[in-house]
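A closer look at the structure
The chain contents come next:
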Amino acid sequence: MTETPNPNIVDADSLTGEMHPIRRVVVALGSNLGERLSSLQGAVDALADTPDFFVTSVSGIYETDPVDAPEGSGPYLNAVVLADTTLPAARLMERALAIEDAYDRERSEVRNAPRTLDVDLIVVGDRRSNEDFLRLPHPRAHERAFVLQPWYDLEPDAVFPELGPIADLLAAVDSSGVRKREDLSLEVE
């Protein structure tokens, strides 16, 4: 991200007067089952409709070969959403799971099984979490060109917490299976 959000910049709840810091959020989206583009657009719409979650930009769409997926898995469509929010990370995770469920995401014991929709929190401000329910920053995002490339397109000077510039991380990963789809796009309404 271009800068660490200033914890002194806050949003005041007009009803209660509670103060909440504004955090920068990076969300990765992916789909390789069903109506892939429709699922990604639905996720963007659902995120944009989330109270206290303000989408600031959406990347182009990339078609990517599946990574560490079962044999026969089809290609993914991937994108990244940048947003600002005052919501706690745990509530964002609950929202991400609810959006996946709305698009009939089936969870399987098979790691990286095909899915109708994947909504991953990559970074939520400077928050760290190592709980089963929520790991921040995302533990494998820095190894995934399908996350780094669209994020880089939006914020070329972004820094992955504790690991350095995403430009350097992107240069270190295999991005041969990541192709930009100029014929597809996502809209924020």
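Residues numbered from 1 in each chain as written. Predicted model: local features only at pLDDT ≥ 70, side-chain atom pairs only at ≥ 80, totals over all residues. Heavy atoms only, no water.

Some words on the UniProt feature "domain: 7,8-dihydro-6-hydroxymethylpterin-pyrophosphokinase" (unreviewed entry) in the protein
- Under the UniProt annotation, the feature "domain: 7,8-dihydro-6-hydroxymethylpterin-pyrophosphokinase" (unreviewed entry) is placed at residues 111–122.
- End C-alpha to end C-alpha, residues 111–122 measures 18 Å, and it is 0% helix and 42% strand. (UniProt positions renumbered as here; feature names shortened; annotations may be inferred. Helix = DSSP H or I, 4+ residues; strand = E, 2+ residues; numbered from the N terminus.)

A closer look at helix H1 (residues 36–48)
- The terminal C-alpha atoms of H1 lie 19 Å apart, and with 13 residues this matches the ideal 18 Å at 1.5 Å per residue to within 8%.
- Inspection of H1 places Arg36, Ser39, Leu40, Gln41, Gly42, Ala43, Val44, Ala46 and Leu47 among the buried residues, and these make up the whole buried set.
- On its buried face, H1 sits against strand S3 (23–31), strand S4 (53–58), strand S5 (62–64), strand S6 (76–85), helix H2 (89–102) and strand S7 (118–124). (Expected span 1.5 Å × (residues − 1). Buried < 20%, exposed > 50% of the residue type's maximum accessible area, 1.4 Å probe, protein only. Contact = heavy atoms within 4.5 Å.)

Regarding the pairing of S6
- Burial analysis of S6 places 9 of its 10 residues in the buried class, which makes it a mostly covered element.
- Alignment of S3 against S6, held across 9 bridges, turns out to be antiparallel. Looking across to S6, one finds that glycine 30 is bridged to asparagine 78.
- Bridge count between S4 and S6: 5 bridges; the pairing is antiparallel. By the bridge assignment for S6, phenylalanine 53 is matched with threonine 85.
- Where S5 lies against S6, 3 bridges are found, and the strand directions are antiparallel. Of the residues in S6, the one forming a bridge with threonine 64 is tyrosine 76. (Pairing = 2+ DSSP bridges.)

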